[in-house]
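Overview (structure and organization)
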Amino acid sequence: MGSLKLVTIKGIPIRVHITFPLILLWAAVQFGRGQSNMWQGALFGVAVTLLLFLCVVLHELAHSLFAIQFGGRVNEITLLPLGGVAQMERLPDRPYQELLMALAGPVTSGIIGIGLAFLTLFLFPLRIWTDFLRALSSGGTLSWSYLLPYLAITNLFLAGFNLLPAFPMDGGRVLRAILATVMPYGRATALAVRVGQALAWMLGLLGLLGRDVFLILVALFVYAGATQEGRLVQLKTALAGLRVRQAYSHSPQAVHPEDPLSRAVDLMLEGFQSDFPVCEEGRLVGMLTRTGVLRGLREYGPQVPIHAVMQREFPIASPEDDLFDIQQQMSERGAEVVPVVDAGTFLGLLTRQDLEEAYRLVTAYPALLPRRR
Ligand code: ZN
């Protein structure tokens, strides 16, 4: 939510986030400022930013098409004020596949950058480059012919920046893929994460010394991204090959749609359970989560029938589903709990606590739960 769909390319919806116009506003102010014709400067800023984001979409599409080629799934590409994000599921983790997928983006940006640079050389005299840089730094008049060199330079920058060998940049994946050819995937990730964190420290230090707030922000972004990737792979390695059936809670207390909400409150106070399947004659008809109980109490009081406050649409898991996949889906949707259903029969619940428990147990003693590859 919070985004609008623009187009669908090769089955991938391209969406723009509602905060996206902020970057256009920023560009209008940034380019309009100090121009003798303020409006023309602002218009230049908006146009160049829109074109740049078109190039960002091509960069993300390149990643996505390779991911799909290798059996991954791309849910959508979203444009945010600071760049594009391709939301993918089941990323390829064979080293050469990850290498190709990670390189596809920066290579695309590089090709666009070099192509536009040649086009600039072909169409305009050589001094357009110096004129353009002077206009940009000293507020000289921005001419429309500067669009080409500007896009050429920003695309080349995009390619270079993304190739920095640090998570969360594409270069981090490239580095891991190369390392993973000579060591286990988990160790390759740990090493690539370290490199990313070290690079973040260096950028942060440079930012502090140069009093460059932007650089400090980039450093924080890099550090957070590297750390997050490390955690994700730890989790993935721990849960790899485990199935939902090995972790879910069997036969939880169920409630009936006609029960008053106070029934769920009593059960919450009596035991450990805080999310309830709503069942009618053994059939799952809804879910009542802790948040749902609290909202129901606030809005309607304890006497409201459960069917009036329960969730009717929710993701479900089957016992043979991959535990890591379900964990990813839950964290993407912010779901606390997923009902486990087999051929229409309700079996139990998989909660965040179940996942954490499985993670802690297999980390402590990997042989505890048998894995299937
Ligand atoms: Zn990329």
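Quick note: structure is the one above.
Residues numbered from 1 in each chain as written. Predicted model: local features only at pLDDT ≥ 70, side-chain atom pairs only at ≥ 80, totals over all residues. Heavy atoms only, no water.

Our next topic: the sheet that holds strand β2 (residues 12–17). Strands pair in a sheet through their backbones, by hydrogen bonds, and they do so in one of two ways: parallel or antiparallel. With mixed pairing, four strands are arranged side by side in an open sheet as β1-β2-β3-β4. Either end of the sheet is taken by a strand with one partner, and the two such strands are β1 (3–9) and β4 (83–89). Adjacent strand axes in the sheet meet at a mean angle of 25° when their direction is disregarded. Summarising the sheet, β2 and strand β3 (residues 73–80) pair through three bridges and their orientation is parallel. (Pairing = 2+ DSSP bridges. Helix = DSSP H or I, 4+ residues; strand = E, 2+ residues; numbered from the N terminus. Axes fitted to C-alpha atoms, helices over the stretch in contact; angles between N-to-C directions.)

Counting buried positions along strand β9 (residues 345–351) yields five of seven residues, so the element is predominantly enclosed. In the sheet, strand β5 (residues 249–250) pairs with β9 via two bridges, with the strands oriented antiparallel. For H250, the partnering residue across the bridge sits in β9 and is G348. Bridging between strand β8 (residues 337–342) and β9 involves six bridges; their strand directions are antiparallel. Paired with V337 across the bridge in β9 is T351. (Buried < 20%, exposed > 50% of the residue type's maximum accessible area, 1.4 Å probe, protein only.)

Once that is clear, we can look at the coordination of the zinc ion. Those protein atoms acting as donors to the zinc ion are H59 (NE2), H63 (NE2), D170 (OD) and D170 (OD), and they sit at 2.0 to 2.7 Å. Taken together, the four donor atoms coordinating the zinc ion and their angles of 53 to 154° define a geometry best described as irregular. In terms of primary sequence, the donors binding the zinc ion are separated according to H-x3-H-x106-D. With H59 and H63 both in helix α2 (residues 38–69) and four residues apart, the pair spans about one turn of that helix. Taken as a pair, H59 and H63 share a single burial class, namely buried. (Donors = N, O, S within 2.8 Å, 3.2 Å for Na, K, Ca; no water. Tetrahedral: all angles 85-135°; square planar, octahedral: opposite > 155°, others 65-115°.)

Here we take up the pairing of β2. Bridge count between β1 and β2: six bridges; the pairing is antiparallel. For L4, the partnering residue across the bridge sits in β2 and is V16. Remark: two residues form the turn of the hairpin made by β1 and β2, two consecutive strands paired antiparallel; K10 in that turn has positive phi of roughly 50°.

Time to look at the side chain of D131. Note that D131 resides in helix α4 (residues 128–138). Taking relative accessible area as the criterion, D131 reaches 17% and is therefore assigned buried. Side chain to side chain, D131 and R127 meet in a polar contact 2.9 Å long. (Polar contact = N/O pair within 3.5 Å; in protein donor to acceptor, adjacent residues only side chain to side chain.)

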